[in-house]
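Examination of the molecular architecture
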Amino acid sequence: QVQLVESGGGLVQPGGSLRLSCAASITFFSINAMGWYRQAPGNQRELVAVFTSGGSTNYADSVKGRFTISRDNANNTVYLQMNSLKPEDTAVYYCNANVRTGPMSIWRTYWGQGTQVTVSS
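Residues numbered from 1 in each chain as written. Predicted model: local features only at pLDDT ≥ 70, side-chain atom pairs only at ≥ 80, totals over all residues. Heavy atoms only, no water.

1. Re the packing of aromatic side chains
Any pair of aromatic rings gets described here by the distance separating the centres and the angle formed by the planes. Filter applied, for reference: Any Phe, Tyr or Trp ring, taking Trp's six-membered ring, that has another such ring centre within 6.5 Å forms a pair; planes under 30 degrees apart are called stacked, those over 60 apart edge-to-face, and the others tilted. In this description a helix means any DSSP run of H or I spanning at least four residues, a strand means any run of E spanning at least two, and both kinds are numbered starting from the N terminus. Partly exposed residues are those whose accessible area sits between 20% and 50% of the maximum for their type, while under 20% is buried and over 50% is exposed, using a 1.4 Å probe and protein chains only. Working rule: Lys NZ or Arg CZ, within 6 Å of ring centre, within 35 degrees of ring normal, means a charge sits over the ring.
Evaluated as defined, the whole model comprises two aromatic pairs. Look at tyrosine 37 and tryptophan 111: their rings are 5.2 Å apart centre to centre, the planes differ by 70°, and that puts the pair in the edge-to-face class. One end of the pair, tyrosine 37, is in strand 4 (residues 30–39); the other, tryptophan 111, is in strand 10 (residues 108–111), and 74 residues separate them in sequence. When its relative accessible area of 21% is taken as the criterion, tyrosine 37 is described as partly exposed. The class of tryptophan 111 is partly exposed, set by a relative accessible area of 38%. Between tyrosine 94 and tryptophan 111 the ring centres are 6.4 Å apart and the planes differ by 90°, which places this aromatic pair in the edge-to-face class. With a gap of 17 residues between them, tyrosine 94 in strand 9 (residues 91–100) and tryptophan 111 in strand 10 connect regions that are remote in the sequence. Each residue in the set Tyr37, Tyr94 and Trp111 is aromatic and connected to the rest through ring pairs, giving one cluster. Lying over the aromatic face of tryptophan 111, arginine 45 brings its terminal NZ or CZ to 4.5 Å of the ring centre. Across from the ring centre of phenylalanine 51, 4.3 Å away, lies the NZ or CZ of arginine 71, which sits over that ring.

What follows is the structure, given as structure tokens:
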């Protein structure tokens, strides 16, 4: 059973920083993409930052220069460092992985349970 467990959300003032973590319960055989999405009330879920299969990164325009995605392959963990946070960054942040769990498995997409980030004074 694959689980993605997020942590690190919370309440922070504008201009502050948070670091989100996403720990996978297993080591994936292949990773097509792994990263972070967010969903604010009344909005669709949107991509924030993601690693692609080639190792490159993609960021939403709204977070470029403020957020940084990184990973620790040895611990099956992906991080999202969020700096200069703004009220409009308030959302539930979800970890996402499109992966294969073994050489005979198909590509599947997994989601974490989400972690709330609130930016407010």
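The discussion continues.
2. Comments concerning the environment of glutamine 13
What counts is decided by this rule: Every residue pair with non-hydrogen atoms within 4.5 Å of one another is taken to be in contact.
Within the fold, glutamine 13 resides in the loop between strand 2 (10–12) and strand 3 (18–24). According to the relative accessible area criterion, glutamine 13 is exposed, its value standing at 55%. In this structure the C-alpha to C-alpha distance between glutamine 13 and isoleucine 26, which are 13 residues apart in sequence, comes to 35 Å. Residue contacts for glutamine 13: discarding those within four places in its chain leaves Val119 and Ser120.

3. Structural notes on the nonpolar core
If you look at soluble globular proteins, the nonpolar side chains tend to sit buried side by side. Here is the rule we go by: To form a nonpolar core, buried Ala, Val, Leu, Ile, Met, Phe, Trp, Tyr and Cys residues must be joined to one another through side-chain atoms within 4.5 Å.
Core analysis: the biggest nonpolar cluster contains 30 residues, and Leu4, Met34, Trp36, Leu80, Met82 and Tyr93 have the highest contact counts within it. Taken together, the elements giving at least two residues each to this core come down to strand 3, strand 4, strand 5 (46–52), strand 7 (67–72), strand 8 (77–82), strand 9 and strand 11 (115–119). At five residues, the largest contribution of residues to this core is made by strand 9. The contacts of tyrosine 93, once residues within four sequence positions are left out, are Glu6, Leu20, Trp36, Tyr37, Arg38, Val48, Phe67, Leu80, Met82, Gly114, Thr115 and Val117.

4. What to know about the sheet that holds strand 8
As a reminder, the rule being used: Strands pair, by our definition, only if DSSP identifies at least two bridges between them. Angles here are taken between N-to-C directions and fall from 0 to 180 degrees, while the axes themselves are lines fitted to C-alpha atoms, restricted in helices to the stretch in contact.
On the basis of which strands lie adjacent, the open sheet formed by four strands has the order 1-3-8-7 and antiparallel pairing. Two strands close off the open sheet at either side, each with one partner strand: strand 1 (4–7) and strand 7. With strand direction ignored, the average angle separating the axes of adjacent strands in the sheet is 15°. The sheet contact formed by strand 7 and strand 8 spans six bridges and is antiparallel. Bridge pairing in strand 8 links phenylalanine 67 to methionine 82.

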